[in-house]
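Geometric and topological summary
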Amino acid sequence: MFSRVNAFDFDVAIIGGGSGGYAAARTAAGAGLHTVVIEGGKEIGGLCILRGCMPTKALLYAADVIHLARHASTWGIRAPEVSFDFAQVMARKNRMIKEFADDRVRQIAGGKFKFIRAHARFADSHTLAFSNGKSLTAGNFIISTGSVVSEPPLAQLKQTEYLTSDDALRLVEPPKSLIVLGGGLVATEFAQFFARFGAQVTLVQRGEHILRGFDIDAAAELEKVFRRDGIEVFTSTNLVDAWREGNLKGVTFEHEGKTIRVAAEAILFALGRTPNTSGLHLDKAGVTTEGQRIVTNPQMQTSAPHIYAAGDCTGPHEIVHIAIQQGEIAAHNIAHPGRTRRIDYRLLTHVVFTDPQIGIVGLTEKEARARNVPWLAASHPFNDHGKSLIMDAQDGFVKLLADPKTGEILGGCCVGPLGGELIHEIIAAMARRMTVHELAAMPHYHPTLAEIWTYPAEALAGQIRVEQNL
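Counting from 1, residues in each chain are numbered in the order their sequence is written. Given that the model is predicted, a residue must reach a pLDDT of at least 70 before its local features are reported, and side-chain atom pairs must reach 80 or more before they are shown or counted; all residues, however, enter totals for whole chains, interfaces and linings. Excluding hydrogens and water, the side-chain figures rest on all heavy atoms present in the structure.

What follows is about helix α9 (residues 320-335). One full turn of an α-helix is made of 3.6 residues, so residues set three or four places apart face in the same direction. Only DSSP runs of H or I reaching four residues or more are called helices, and only runs of E reaching two or more are called strands; each is numbered from the N terminus. Take the number of residues in a helix, subtract one, and multiply by 1.5 Å to get its expected span. A rise of 1.5 Å per residue sets the reference length of α9, with its 16 residues, at 22 Å; its end C-alpha atoms lie 23 Å apart and thus fit the reference within 8%. Buried within α9 are the following residues: Ile322, Ala323, Gln326, Gly327, Ile329, Ala330, Ala331, His332, Asn333, Ile334 and Ala335. Residues of α9 that are buried sit in contact with β1 (10-15), α1 (19-30), β6 (135-143) and β18 (307-309). Buried means the residue's accessible area, taken with a 1.4 Å probe over protein chains only, is under 20% of the maximum for its type, while exposed means over 50%, and partly exposed covers the values in between. Contacts: residue pairs with any heavy atoms within 4.5 Å of one another.

Here is the structure:
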């Protein structure tokens, strides 16, 4: 157990009160450490609650509802005049986020640890100076300051007064037309949301496909749906200019040897986020960074042994449940230096809450190829599956990757209805290191969406069994 050093005000000081910081504080205080959390943001709750996971998913669910209502005739239901009140859509989201944020405030202010509202920076490796003129010392630190919207690649973009994802969440009416710059999770989710609420959307992506880290088959399936639903998608582009003409804003980019100009009422800048570390004076604490990102080892320890980091400020994956795991590991390792824990990304999961949803866990084929990991893959489409046909949810597929010798499941991908939910079956299977043979033999109720996993599992089990008998 950690032994408190009386020379310091606190055993551990946590900079940042978001999901990673709160998880660290809860773990540290639970281990008996004298803990303080410092939060300098205008609001308490962190990116996930305030401007990320929760508000965007509230909006995307509303988009799913209106999409189903517009297609009600598929099931013989008459809904001839489907309309919406965008201000009410946003108001419901705001009410829900306030409830989530208020709950987080109650948790942080619950008395298990001290809570200070101020901006903090390192004065030296054991001292934090605050924006209110005060300071404190601590034996250990956990930095969990999150991320901020990245700077645009073109100076001209600033002159267009583009929207960020934060701005988009504050709109009271949708733009009539919208250019989305980017092809990641934020870009794709907002593109579909605004398209379903009446905006003419153009998505401009630098890479060959949207969702750069995903396998091409998954990205291509979502691109197909976007184009079918009226979203104009440009990939393999090079952005060269941005401009304003009257009430319109536009970008100019190179695409397939041509120069293209696109104009719209608004531009959404969704080209990523940057670790929020610029004001911390990390050099005074001896903390190494790569750009703005804090470098850590698998124990979440920085180059300064008594300073740890968690969440978006260290990455490499900007996902809330990863931030929570990192915060818990950092606090555990401070409290129990003799039995440290390591972060394990074997079960790394991503979910895109578009329609169709995309859920992936573990290895993709792209990653397996890059790392020279042997694998076999099999997939099965939703348009050949009973329950999805009943739902008229026929886009997408499921795919499994398995070790060609043992059959152990190495990764899974679900592009389709409730993909973010269905992927959890493969997370559970991989957590127990199940083989495709075991998954294929596991009972699945019929008719359900989940039973679709048995088809690629059976296909792989057959292939691997043959290879083992040779």
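From this point, things continue past the structure.
What follows covers the side chain of His306. Note on placement: His306 falls in the loop between β17 (293-294) and β18. For His306, a relative accessible area of 15% corresponds to the buried category. In the analysis that follows, any N or O atom pair within 3.5 Å is treated as a polar contact, provided that within protein one partner can donate a hydrogen and the other can accept it, and provided that, for residues neighboring in sequence, both atoms belong to side chains. At 2.6 Å, the side chain of His306 forms a polar contact with the backbone oxygen of Ser125. Contacts of His306, omitting those with residues within four sequence positions, involve Ser125, His126, Gly139, Asn140 and Phe141.

What follows concerns the side chain of His444. Take His444: it is sitting in the loop between α13 (436-441) and α14 (454-469). Side-chain polar atoms of His444 contact the backbone oxygen of Met442, separated by 2.8 Å. Not counting the four nearest positions on each side in its chain, His444 is found in contact with Glu425, Leu439, Ala450, Glu451 and Thr454.

Once that is clear, we can look at unusual backbone geometry. A cis amide bond, omega 0 degrees, links Gly315 with the succeeding residue Pro316. Counting through the fold element by element, Pro316 comes out in the loop between β18 and α9. With an omega dihedral of 5 degrees, the bond running from Asp355 to Pro356 counts as a cis peptide bond. Tracing the backbone shows Pro356 in the loop between β19 (349-352) and β20 (357-362). For Glu161, which is not a glycine, the phi torsion comes out positive at approximately 55 degrees.

Further remarks concern the nonpolar core. For the purposes of this section, nonpolar cores are sets of buried Ala, Val, Leu, Ile, Met, Phe, Trp, Tyr and Cys residues that join through side-chain atoms within 4.5 Å. Membership of the largest hydrophobic core comes to 40 residues, with the highest contact counts inside it found for Val180, Phe193, Phe194, Val201, Leu211 and Ile358. It is helix α7 (residues 185-196) that provides the largest number of residues to this core, a total of five residues. Look past the residues within four positions of Val180 in its chain and what remains in contact with it is Ala187, Ala191, Val201, Thr202, Leu203, Val204 and Leu268. With 26 residues, the next largest nonpolar core counts Leu376, Leu439, Ile452 and Ile464 among its residues.

Any carboxyl oxygen of Asp or Glu within 4 Å of a side-chain nitrogen of Lys or Arg constitutes a salt bridge here. Within the structure shown, the criterion is met by 22 salt bridges. For Arg51, the salt bridge goes to Asp166, with nearest N and O atoms at 3.6 Å. Highlighted residues: Arg51 in the loop between α2 (46-50) and α3 (53-70) and Asp166 in helix α6 (residues 165-168), separated in sequence by 115 residues. Take Arg51: its relative accessible area is 27%, and that puts it in the partly exposed class. We note a salt bridge from Arg196 to Asp355, for which the minimum N-O separation is 2.8 Å. Here Arg196, found in helix α7, pairs with Asp355, found in the loop between β19 and β20; they are 159 residues apart in sequence, far enough to count as distant. Given the relative accessible area of 28%, Asp355 is considered partly exposed. A cluster of three or more residues bridged by salt bridges with shared partners is formed by Glu221, Lys224, Arg228, Asp229 and Asp395.

By themselves, these observations are geometric and do not establish any function.
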